[in-house]
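Structural overview
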Amino acid sequence: MKTFLSFLALIFVLIVSCEQDDFPESGDGISITIDDKVVLTSKDIDYYDLSTHFIYLKGTNSFLDDKLTRDSFQMVANGEKIYKGVFHSWVMSSMPFGPAIYTPSLFYGDYVIPIVFGSYIDQNGKRKPSEDPRSDSRILNALRSHGQLHAGLTCEIRSVQFTSGNKVSLELELSNNDSFNYYYLDPEKMGLGLFHYFTNGLSLWSPTQLKSFTSHIEHVQPQPWNSWQMDWLSLIKSHEKKTIRINYTNFDPLIAGQYKLYFMFPGLQHVDKADLVQRNGRIWLGEIDLSQDIQIR
């Protein structure tokens, strides 16, 4: 009887173990799996930039080129699956919803895995889906325990002023909460045309008029298109804050009402790994999406 009960206990443990959605082979820290196959572990990771959700690698992201069935991937923290994401091709006309990795990687080197969050804005100006699982505390704790979590940059809208003649002044506060110094794209050094090649700039959405309003700036394309220069960049030191002002002179006419303001603060692309770390700091890659409700009277 005792042997039979022990056998039942063993069967129960096996059933529970099979039902648990974990990946013991992935080890501790964070990892990425495809169809339960571990393709990236914490040993492959240099650091994780929280401001962009970019994973910087010690080697390359060669697993993206492997002939695997890779419609989707799983982010795992300490053996526990946290969220599921999709692989999305740049050639597709649709956009992903939720966490996604674009393939092939056109804008960033093979030493980076950018995990984006695809969403859309509904007629009420609400972002869907609203929950972004990339900042789950279990992921951050797993990264922190391996010394791989870096805060990167944050950006806030400090003020926006509308004056006659369709002029808009936008004031941003850029903060470096990281232990790294960073080089960032400086609109004063680049000029607005070149700066807005990397971003669509300021836009306002009216939920009552169901239309978007923006500035009309002639974008200046780098020559060649995938080139960049250190002269475009300014340094923001660790734990430093900087004020960035952008003045638009040809904004769409606006009437009084409630608006949703959007701005994407851009970083560089097409940076070789050998150029990422400069003399006084690292070049910041990626982008930060900002939004704010405003009332125009």
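Residues numbered from 1 in each chain as written. Predicted model: local features only at pLDDT ≥ 70, side-chain atom pairs only at ≥ 80, totals over all residues. Heavy atoms only, no water.

Let us now look at helix H2 (residues 137-145). Note that an α-helix has 3.6 residues per turn; residues three or four places apart therefore point the same way. Among all positions of H2, only Ile139, Leu140, Ala142 and Leu143 are buried. For H2, the angular spread of the buried residues around the axis is 160°, confining them to a single face. Each element contacted by the buried residues of H2 is listed here: strand E1 (30-34), strand E3 (45-49), strand E5 (72-77), strand E6 (80-89) and strand E12 (149-150). Measuring from the side-chain oxygen of the N-cap residue of H2 to the backbone nitrogen of Arg138 gives 2.8 Å; that N-cap residue is Asp136. Once H2 finishes, Gly147 follows within two positions and takes phi at roughly 65°, a positive value. (Buried < 20%, exposed > 50% of the residue type's maximum accessible area, 1.4 Å probe, protein only. Helix = DSSP H or I, 4+ residues; strand = E, 2+ residues; numbered from the N terminus. Arc of directions from axis to C-beta. Contact = heavy atoms within 4.5 Å. Polar contact = N/O pair within 3.5 Å; in protein donor to acceptor, adjacent residues only side chain to side chain.)

Scanning all chains against the criterion turns up six salt bridges. The closest approach of N and O atoms between Asp136 and Arg138, which form a salt bridge, is 2.9 Å. Put simply, Arg158 and Glu156 hold a salt bridge, and the shortest N to O gap is 3.4 Å. For Arg158, a relative accessible area of 47% corresponds to the partly exposed category. A single salt-bridge network, built from bridges that share partners, covers Glu80, Asp136 and Arg138. (Salt bridge = Lys/Arg side-chain N within 4 Å of Asp/Glu carboxyl O.)

Following Gln223, the chain continues into Pro224 via a peptide bond in cis, with omega recorded as -5°. With respect to the helices, strands and loops of the structure, Pro224 is situated in the loop between strand E17 (211-214) and strand E18 (233-236). Of note, Leu210 is a non-glycine position whose phi angle comes to about 55°, a positive value. Here Leu210 is to be found in the loop between strand E16 (203-206) and E17. Residue class for Leu210 comes out partly exposed when judged on its relative accessible area of 43%. Backbone geometry at His239 places phi at a positive 65°, although glycine is not the residue there.

Attention now goes to the sheet that holds E17. Across the sheet, four strands lie side by side as E17-E16-E20-E22; this open sheet has antiparallel pairing. In the strand order of this sheet, the two ends are held by E17 and strand E22 (287-296), each with one partner. Taken pair by pair, the neighbouring strands of this sheet meet at an average axis angle of 25°, ignoring direction. As paired strands, strand E20 (residues 257-266) and E22 are joined by ten bridges and run antiparallel to one another. Within E22, the residue paired with Gly257 across the bridge is Ile296. (Pairing = 2+ DSSP bridges. Axes fitted to C-alpha atoms, helices over the stretch in contact; angles between N-to-C directions.)

This paragraph deals with the sheet that holds strand E14 (residues 167-176). Spatially, E13-E14-E19 is the arrangement adopted by the three strands of the open sheet, whose pairing is antiparallel. Sheet topology places strand E13 (153-163) and strand E19 (241-248) at the edges, where each strand pairs with a single neighbour. Taken over all neighbouring pairs, the strand axes of this sheet differ in orientation by 20° on average, direction set aside. Of the strand pairs in this sheet, E14 and E19 are connected by eight bridges, and their pairing is antiparallel. Bridge assignment links Leu174 to a residue of E19, and that residue is Lys242.

Most of strand E7 (residues 98-103) is tucked away: five of the six residues are buried. Bridging between E6 and E7 involves four bridges; their strand directions are parallel. When the bridges of E7 are listed, Phe87 appears paired with Ile101. Two elements, E7 and strand E9 (residues 116-118), share three bridges in a ladder whose sense is antiparallel.

Positionally, His196 belongs in the loop between helix H4 (192-195) and E16. For His196, a relative accessible area of 2% translates into the label buried. Along the backbone, His196 and Phe265 are 69 residues apart, and their C-alpha atoms lie at a distance of 9.8 Å. Residues in contact with His196, not counting those within four places in the same chain, are Gly201, Ile217, His219, Ile246 and Tyr248.

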